[in-house]
Amino acid sequence: MTDRPLLNARANKSLGQHFLFDPDILDRTALASGPVDGSVVIEVGPGPGGLTAALLRKGAKAVVALEMDARFAAALREWPETREGRLHVIEGDALAINIPDLLEELGLEGPVRIIANLPYNVGTPLVVDWLKAGDWRGQMALMFQHEVAIRLCAQPGDKHYGRLAVLTHAVCSAHIAFTLPPGAFRPPPKVDSSVAVLLPLPADEKFADLEAIEKVAAAAFGQRRKMLRASLKSIAGAMGTDATAWLEGCEIDPTRRAETLSQNEFRALARSWRQQVSKLA
Ligand code: SAM
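Residues numbered from 1 in each chain as written. Predicted model: local features only at pLDDT ≥ 70, side-chain atom pairs only at ≥ 80, totals over all residues. Heavy atoms only, no water.

Undergrad: Could you clarify how one ought to interpret the pairing of strand β1 (residues 40-44) in this entry?
TA: Side-chain direction in a regular strand flips from residue to residue, so the side chains alternate between the two faces of the sheet. Buried residues dominate β1, accounting for 5 of its 5 residues. Both faces of β1 are covered, namely the face carrying Val-40, Ile-42 and Val-44 and the face carrying Val-41 and Glu-43. As paired strands, β1 and strand β2 (residues 62-67) are joined by 5 bridges and run parallel to one another. Along β2, the bridge assignment pairs Val-44 with Leu-66. Since β1 and β2 lie parallel, the crossover through helix α2 (residues 50-57) that links them has a hand, and here it is right-handed. Sheet topology places β1 next to strand β4 (residues 112-117); 2 bridges connect them, and they run parallel. Its bridge partner being in β4, Val-41 is matched across the sheet by Arg-113. (Buried < 20%, exposed > 50% of the residue type's maximum accessible area, 1.4 Å probe, protein only. Helix = DSSP H or I, 4+ residues; strand = E, 2+ residues; numbered from the N terminus. Pairing = 2+ DSSP bridges. Right-handed = clockwise from strand over helix to strand, strands pointing away.)

Rendered as structure tokens:
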């Protein structure tokens with residue numbers, strides 16, 4: 001590792017900087033979504049580069065590292081893999097970078113894996129973008145604060161089941177690979193962290209109309225304690241129908257609550273919503 005010095009820089013809290021240095025944890029994170037040899041990997045927030053080095057060591061064909069902190073971007077550009085064309089360091093805000101355009105510019109073909117120890121403050125908007133991103137994106141292994149990872153992977157009936165899980169399961173299968181205590185990081189965050197693994201569903205099992213499923217899930221979970229016939233009253237009204245009739249038409253008992261609906265039931269509601277609004281258009 002002498003040719004890839006990890007910069008020992010002071011952490012910037014506003015950039016969510018909590019670093020990992022344990023080689024075993026870094027290897028587990030790198031491989032959580034499966035072997036990376038031959039893969040193109042996007043890493044958001046390489047920081048001092050512990051995970052970047054693990055990805056390269058495990059045989060990633062190329063790592064595209066998006067980093068907002070100029071100190072780390074500059075240090076990573078000194079690594080031999082940058083000169084060799086295996087490491088591409090892009091300095092900037094990952095939320096503002098158009099990844100398909102970037103891949104094209106770099107001459108890299110998808111699907112790409114996304115593997116990252118994400119900054120807490122932008123983890124959720126980034127993953128929502130990637131869930132909606134389409135086919136350039138492959139398997140993902142993402143370190144989040146534990147609660148966000150649980151919300152992504154939750155199943156019907158779980159306390160944390162909500163809009164994020166419905167969106168996730170429309171396009172991916174999801175599970176938590178492992179959880180780390182605050183002491184695994186420098187400096188330690190306040191809460192546990194977990195790696196969520198999101199594996200894209202086969203094309204014929206994905207639900208394409210994400211706008212519709214999000215719309216229905218937002219309405220249903222907007223008032224999650226209420227029965228669906230009440231929580232969906234307003235969206236049903238906008239479709240020119242009554243929530244009870246709509247739910248019964250989709251073979252869903254109107255007295256159930258959002259947290260009990262399966263992915264297939266959300267899909268049925270989303271299809272029916274789309275049909276109705278297309279008729280009204
Ligand atoms: N991967 C490193 C590790 O595991 O030790 C660092 C992870 S640290 C939790 C998050 C990293 O994301 C930091 O290096 C931070 O500078 C970077 N970062 C924060 N916000 C960002 C953004 N919007 N776009 C790109 N990088 C960002």
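The structure having been displayed, the exposition proceeds.
Undergrad: Before we go on, may I ask you to explain the pattern of salt bridges in this structure?
TA: A side chain with one charge can pair with a side chain of the opposite charge if their charged atoms come near. This model, assessed by the stated rule, comprises 10 salt bridges. Salt-bridge contacts for Glu-259 lead to Arg-224; the nearest nitrogen and oxygen are separated by 3.8 Å. Pair noted here: Glu-259 is in the loop between α12 (243-249) and α13 (263-280) and Arg-224 is in the loop between α9 (210-222) and α10 (228-231), with a separation of 35 residues, a long-range link. Judged by relative accessible area, which is 23%, Arg-224 ranks as partly exposed. A salt bridge links Glu-259 to Arg-225; the shortest N-O distance between them is 3.8 Å. Here Arg-225 lies in the loop between α9 and α10 and Glu-259 lies in the loop between α12 and α13, a separation of 34 residues in the sequence. Beyond isolated ion pairs, a larger network of salt bridges with shared partners links Asp-27, Arg-57 and Lys-58. (Salt bridge = Lys/Arg side-chain N within 4 Å of Asp/Glu carboxyl O.)

Undergrad: What is the right way to look at the nonpolar core in this model?
TA: General note: in soluble globular proteins, nonpolar side chains tend to be found buried as a group. Counting 67 residues, the largest nonpolar core has Trp-130, Leu-142, Leu-232, Trp-246 and Phe-266 as its most contacted members. Here the element with the most residues in this core is α9; it accounts for 8 residues. The residues that make up this core include at least three from each of domain 1 (13-205) and domain 2 (210-280). Residue contacts for Leu-232: discarding those within four places in its chain leaves Val-216, Ala-219, Ala-220, Ala-243, Trp-246, Leu-247 and Leu-269. Among the nonpolar cores identified, the runner-up in size contains 29 residues, and Leu-56, Leu-76, Met-143 and Phe-185 belong to it. (Core = buried A, V, L, I, M, F, W, Y, C linked by side-chain atoms within 4.5 Å. Domains from an automatic or database assignment. Contact = heavy atoms within 4.5 Å.)

Undergrad: Looking at this structure, I do not really get the site of the ligand. What am I missing?
TA: What surrounds the ligand is a group of 20 residues, the closest being Gln-17, Leu-20, Gly-45, Glu-67 and Asn-117. The contact in question runs from an oxygen atom of the ligand to an N or O atom on the side chain of Gln-17, over 2.7 Å. Backbone polar atom of Gly-47 to an oxygen atom of the ligand: 3.4 Å apart, as the coordinates give it. The fraction of the free accessible surface of the ligand (590 Å²) that becomes covered by protein chains is 98%. When each cavity is represented as a set of grid points, the ligand is found to reside in the largest pocket. Here the residues of the shell around the ligand sort into 9 nonpolar, 7 polar and 4 charged. (Near = heavy atom within 4 Å. Polar contact = N/O pair within 3.5 Å; in protein donor to acceptor, adjacent residues only side chain to side chain. Areas by Shrake-Rupley, 256 points an atom, 1.4 Å probe, with all protein chains shown as cover. 1 Å grid on protein atoms, 1.4 Å probe; cavity = no way out; pocket = protein on both sides within 12 Å on 5 of 7 lines; lining within 4 Å. Sits in = over half its atoms within 2 Å of the grid points. Nonpolar A, V, L, I, M, F, W, Y, C, P; charged D, E, K, R; others polar.)

Undergrad: Just to check I follow, could you spell out helix α7 (residues 146-153) for this structure?
TA: Each α-helix winds once per 3.6 residues, and so residues spaced three or four apart point in a common direction. Residues of α7 that are buried include every one of Val-148, Ala-149, Leu-152 and Cys-153, and no others. Taken end-on, α7 shows its buried residues confined to a sector of 125°, consistent with a single buried face. Check the buried side of α7 and you find it contacts α6 (123-131), β5 (137-145), α8 (163-171), β6 (172-180) and β7 (193-200). (Arc of directions from axis to C-beta.)

Undergrad: Is there a simple way to explain the layout of surface pockets in this structure?
TA: Volume-wise, the largest pocket comes out at about 430 Å³. Leu-15, Gly-45, Glu-67, Asn-117 and Pro-119 are, among the 33 residues lining the largest pocket, the residues nearest its centre. Contributing elements (two or more residues each) for the lining of the largest pocket: β1, α2 and β2. Looking at the lining of the largest pocket, its residues break down into 19 nonpolar, 11 polar and 3 charged. (Points joined across faces, edges and corners; volume = space filled by probe spheres on them.)

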